[in-house]
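Okay, here's what each chain looks like letter by letter:
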Amino acid sequence: MSIEIKNISYTYMPKTAFEHQALKNVSFTLNEGEVTAIAGHTGSGKSTIVQHLNGLLHPTDGQVLVDGTDLASKGDEAVKARQLVGLVFQYPEHQLFEETVAKDVGFGPKNLGVSEEETEKRVREALEFVDLDYDVFKDVSPFQLSGGQKRRVAIAGVLALKPKYLVLDEPTAGLDPRGREELLSRVCELHKKKKVTLIFVSHKMEDVARIADRLIVMNHGELVIDAPPRKAFLEEAAIKEAGLDIPVTVRLLTELKEKGFSVDTDAFTIDETAKRIARAIKERGRR
Amino acid sequence: MLTDITLGQYFPGTSFLHRMDPRMKISLLFVWIVGIFVFDMPKAYGVFTAATVLLAIISRVPLLTLAKSIKPLWMILVFTLLIHMCGTPGEALFHISVFEFTKEGFMQGFVICLRLALLIFLSSLLTFTTSPLELTDAMESLLSPLKCIGVPAHELAMMMSIALRFVPTLIEETDKIMKAQQSRGVNFESGNVIKRLSSLVPILVPLFISAFRRADELAMAMEARCYRGGEGRTRMKELKVRALDYGACACTVVLMAALVVMKVEGI
C-alpha cells in the first residue's frame, strides 16, 4: 500500500500570459510506514505536489494513485481514496471558523458522516494528542487561543479524520523553537504509535535530518534528489543548487574531515556532533 | 480553480502603447470616443477602423484576445442591428412574418454597431496595455484639479489601488481556505441550495477574519511608515509625459483637424 506519483506534470493558468509549469514529469512512491520530507526553495513546486496527494489538484499529465486508486477518476472509490490522505496546510490556523474548539475539530468527521458519539471520541482523542485538555478547551472559542494553540487545534481537526497518510505543509513555520520541538515530537509519536505514514514539507534541514527516513528535494518543478537524508546531504552541490542548506552539524564535520580529522559526517544533533569531535581529537592524540 | 482568474485584462508588454503615459492614454481615448460620435461620415469610419486595427497591431496584444473583449456586448450588437434593419423604411431585403428587413436599415444598423465595436476595442486596448496600478495613478493625477472643490483624489486613488492590490491576495486566500476545508470533507459541488449555502460558512468566516487582520496590519504598517494622506507625497514612479506621448497627441490632433475640415467642407 502506498501513494504512487507517476510522471506528473502540472501547469498553472494554461494558455494565458501567466502560464507557468509548476511540476515537470515528477515520479516517486511514498511507501506506507515511511516518514518522507519534501524540501525545496520557494516556488520549487513542493506545495503543488502536496495538493496532488489528496486530489485537490489533478495533474495535467500523469497519475496519482493512492493504494492503487487513481485520484482523478470519478466515483466513490476515488472519494474514499482521497479521505485516506489528511492534509494540513501551511498556517492551518487560518482555516478555523467554528464557535468552539470541539465543534471545529469535529467538523471533518461530521462531514464524513461519522456518528455523534464517535465524533466526540475522535475529537477528544485528537485534542489530547496535540496536548490540549479536552475538558478545558472544548467550549473555548478558537479565536481566543494563542497562535501555537490555534495551530494545534487546526492539526487536531485533520487528525480527527483519522487519515492513513498525513501530509503536513511546513507545519513548523512561524513557531518558536520550543513550539517547533513539541510539534515535531508529537508528529513523530503519531508515526510510531499510530503507524501513520508521514509526509512533510520543510526547508529546515535540521528537522528533516531528525525525523525523516527519506528526503525528496525539488528544484524548478523537477525532482533532483530522492534519498535517505544521510545520503542526500553528501550531494552538497545539488542541495545548494536547489536553494537549500545542509545541516550546520554536517557542515562542521565535513570541514573537519577535509582538514584531516577522521570523523563520520552524518551527525544531526549537537550532542552527537560534540561526541564525534571529541573522539576524533582523542584519536589524533593517540597517533 | 479560482486562482486562474486574471485581474483586469492587463497584457504585459513593451509596445509603444504600453510605454505611453497612462494619463495621455486616457485623455486621448476620450478625444477619440468623442470623435467617433461626432464624425459620422463613411470616410471617417474608415479612418477610425483603420486606426484601431493599426493600434491593435502596434500593441502586440493577440488579436484573438482582443476580439474576445467584445463577447459581453455581442448580443446587444446583434440586437441593435436587427432593430435597425426592420425599423427603417426602405428597399426590402427579406421578410420574416410581418417584419420587413431593409437595406437602408442594414446600413444604418451596421454603422451604429461599428461605432460601438470601435468604442469597445479602443477602451479594451487601454485596459490591455495599462496595468491597474498605472490606471489608478493616472486617475489620481487627472482628478487632482478637482481637489479644490473637495474631491479627495488621492484618497480615492489610494483606496482603489489598495483594493486592487488585495483582490488577488483574497482570491488566493479563498482558494487556500476552500482547499483546506475540502480536505476536511466539505463538498461544495453537491447537495441542495441550503446545503451549498451553509457550506460557504467555513469559507466566509476565515476569509473575513483574515481580511480584517490584513486591513489592520496594513493600516499599522502604513502608519509606521508615517503615511498621513496625500499632501506633499512624492512617488517612486513619477508619471512623465515624454516625446512619444507628445507624438501620439500630435497624431490625434492632426487626425481630428483633418476630420473637422472634411466635415465642414462636406468631403
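Residues numbered from 1 in each chain as written. Chains lettered and ligands numbered in written order. Predicted model: local features only at pLDDT ≥ 70, side-chain atom pairs only at ≥ 80, totals over all residues.

Chain B goes by Energy-coupling factor transport system permease protein in an unreviewed UniProt entry, where it is assigned to Schwartzia succinivorans DSM 10502. Listed in UniProt under the heading Subcellular location (unreviewed entry), the comment for chain B reads: "Membrane". (UniProt positions renumbered as here; feature names shortened; annotations may be inferred.)

By the naming in an unreviewed UniProt entry, chain A is Energy-coupling factor transporter ATP-binding protein EcfA2, taken from Schwartzia succinivorans DSM 10502. Database annotation for chain A, UniProt heading Sequence similarities (unreviewed entry): "Belongs to the ABC transporter superfamily. Energy-coupling factor EcfA family."

Turning our eyes to something else, we now look at the overall build of chain B. If you tally the helices and strands in chain B, you get eleven helices and two strands. Each helix and strand of chain B, placed in order from N terminus to C terminus, yields the pattern α-α-α-α-α-β-β-α-α-α-α-α-α. Against the 2.2 N^0.38 benchmark of 18 Å for 267 residues, chain B shows a C-alpha radius of gyration of 25 Å, more extended than a compact globule. Projected onto the principal axes, the alpha-carbon positions of chain B cover approximately 65 × 55 × 35 Å. Excluding contacts between residues fewer than 6 apart, the proportion of contacts in chain B whose partners are at least 24 apart in sequence is 74%. (Helix = DSSP H or I, 4+ residues; strand = E, 2+ residues; numbered from the N terminus. Rg over C-alpha atoms; globule rule 2.2 N^0.38 Å. Contact = placed C-beta atoms within 7 Å.)

Once that is clear, we can look at the UniProt feature "transmembrane region" (unreviewed entry) in chain B. Residue and element names in this part refer to chain B. Here, the residues flagged by UniProt with the feature "transmembrane region" (unreviewed entry) are residues 22-39, 46-67, 73-94, 106-129 and 243-262. Taken end to end, residues 73-94 comprises 64% helix and 14% strand; its first and last C-alpha atoms sit 26 Å apart. For residues 243-262, the helix share is 100%, the strand share is 0%, and the end-to-end C-alpha distance is 28 Å.

Formed by 77 residues in total, the largest nonpolar core has its most connected members in Val105(A), Ala156(A), Val167(A), Leu215(A) and Val217(A). Not counting the four nearest positions on each side in its chain, Val167(A) is found in contact with Val50(A), Leu53(A), Val85(A), Gly86(A), Leu87(A), Val88(A) and Ile199(A). (Core = buried A, V, L, I, M, F, W, Y, C linked by C-beta atoms within 7 Å. Buried ≥ 20, exposed ≤ 12 C-beta atoms within 10 Å, placed from the backbone.)

Below, the discussion takes up the sheet that holds strand E9 (residues 214-219) of chain A. Strand pairing in a sheet relies on backbone hydrogen bonds. The paired strands run either parallel or antiparallel. Residues and elements named next belong to chain A. Taken in spatial order, the six strands line up as E6-E7-E8-E3-E9-E10 in an open sheet, and their pairing is mixed. Either end of the sheet is taken by a strand with one partner, and the two such strands are strand E6 (85-88) and strand E10 (222-227). Adjacent strand axes in the sheet meet at a mean angle of 15°, parallel and antiparallel pairs treated alike. For strand E3 (residues 35-40) and strand E8 (residues 197-201), the ladder comprises four bridges, and the chain directions are parallel. Residue pairing in the sheet places Ile38 in a bridge with Val201 of E8. (Pairing = 2+ DSSP bridges. Axes fitted to C-alpha atoms, helices over the stretch in contact; angles between N-to-C directions.)

What follows concerns the domain arrangement of chain A. Residues and elements named next belong to chain A. Considered domain by domain, chain A is made up of domain 1 (1-84 + 165-173 + 197-242) and domain 2 (247-287). Distance from the C-alpha centre of domain 1 to the C-alpha centre of domain 2: 33 Å. Contacts between domain 1 and domain 2 engage six residues on the former and four residues on the latter. With four residues, helix H8 (residues 205-211) is the largest single contributor of residues to the side of domain 1 that touches domain 2. A breakdown of the residues in the side of domain 1 that touches domain 2 according to their chemical character gives three nonpolar, no polar and three charged. (Domains from an automatic or database assignment. Nonpolar A, V, L, I, M, F, W, Y, C, P; charged D, E, K, R; others polar.)

Another aspect to go through is the sheet that holds strand E5 (residues 69-70) of chain A. All names here are of chain A. Ordered in space as E2-E1-E4-E5, the four strands form an open sheet in which the pairing is antiparallel. With one partner strand each, in any of the chains shown, strand E2 (20-31) and E5 form the two edges of the open sheet. Sheet topology places strand E4 (residues 61-66) next to E5; two bridges connect them, and they run antiparallel. Within the sheet, the bridge partner assigned to Val66 lies in E5 and is Thr69.

With that out of the way, let us pick up the interface of chain B and chain A. On the side of chain A, 21 residues touch chain B, which itself brings 19 residues to the contact. Of all elements in the fold, only helix H8 (153-183) and helix H10 (201-224) of chain B reach the threshold of two or more residues within the side of chain B that touches chain A. Looking at side-chain class alone, the side of chain B that touches chain A contains nine nonpolar, six polar and four charged residues.

What follows concerns helix H6 (residues 147-159) of chain A. Each turn of an α-helix holds 3.6 residues, which means side chains three or four residues apart point in the same direction. Residue and element names in this part refer to chain A. Its 13 residues place the ends of H6 18 Å apart at the C-alpha level, agreeing with the 18 Å of an ideal helix rising 1.5 Å per residue. Of all 13 residues making up H6, ten are buried, and the element is well covered by its neighbours. Among the residues of H6, those classed as buried are Lys150, Arg151, Arg152, Val153, Ala154, Ile155, Ala156, Gly157, Val158 and Leu159. (Expected span 1.5 Å × (residues − 1).)

This paragraph deals with the domain arrangement of chain B. A common way to express how large an interface is: the accessible area buried when the components associate. Residue and element names in this part refer to chain B. Once the domains are mapped, chain B shows domain 1 (9-130 + 243-267) and domain 2 (132-233). Contacts between domain 1 and domain 2 engage five residues on the former and seven residues on the latter. The residue inventory of the side of domain 1 that touches domain 2, partitioned by class, reads three nonpolar, one polar and one charged.

The next subject is the pairing of E10(A). Residues and elements named next belong to chain A. Examined bridge by bridge, E9 and E10 share five bridges and lie antiparallel to one another. The partner of Asn219 across the bridge, within E10, is Glu222. Hairpin geometry of E9 and E10 is characterised by an intervening segment of two residues between the two adjacent antiparallel strands and by a positive phi of about 50° at His220.

Here we take up unusual backbone geometry. Although it is not a glycine, Asn25(A) sits at a positive phi angle of roughly 45°. Topologically, Asn25(A) is positioned in strand E2. The backbone of Cys226(B) sits at a positive phi, close to 65°, despite the residue not being glycine. Its place among the elements puts Cys226(B) in the loop between H10 and helix H11 (243-265). Residue classification places Cys226(B) among the exposed positions, given that 6 C-beta atoms sit within 10 Å.

Quick look at helix H4 (residues 116-129) of chain A now. Residue and element names in this part refer to chain A. Its 14 residues give H4 an end-to-end C-alpha distance of 20 Å, which sits within 8% of 20 Å, the value for a rise of 1.5 Å per residue. Along H4, the residues classified as buried are Thr119, Arg122, Val123, Ala126 and Leu127. Each buried residue of H4 sits inside an arc of 125° when the element is viewed along its axis, so together they form one side. Opposite the buried face of H4, by more than 90 degrees, sit the exposed residues Glu117, Glu118 and Glu128. Of the surrounding elements, those touching the buried residues of H4 are helix H3 (101-111), helix H5 (134-137) and H6. Of the residues trailing H4, Asp131 is marked for its positive phi of about 70°. (Arc of directions from axis to C-beta.)

Residue and element names in this part refer to chain A. For E3, a buried count of five out of six residues is recorded, marking the element as mostly surrounded by other parts of the structure. As judged from the five bridges shared by E3 and E9, these two strands associate in the parallel manner. Note on E9: the bridge partner recorded for Ala39 is Val217.

Attention now moves to the environment of Thr136(B). Residue and element names in this part refer to chain B. Within the fold, Thr136 resides in helix H7 (residues 132-143). Measuring from C-alpha to C-alpha, the distance between Thr136 and Ala56 comes to 23 Å, with 80 residues separating the pair along the chain. When neighbours within four sequence positions are excluded, Thr136 is seen to be in contact with Ala157, Met160, Ser161 and Leu164.

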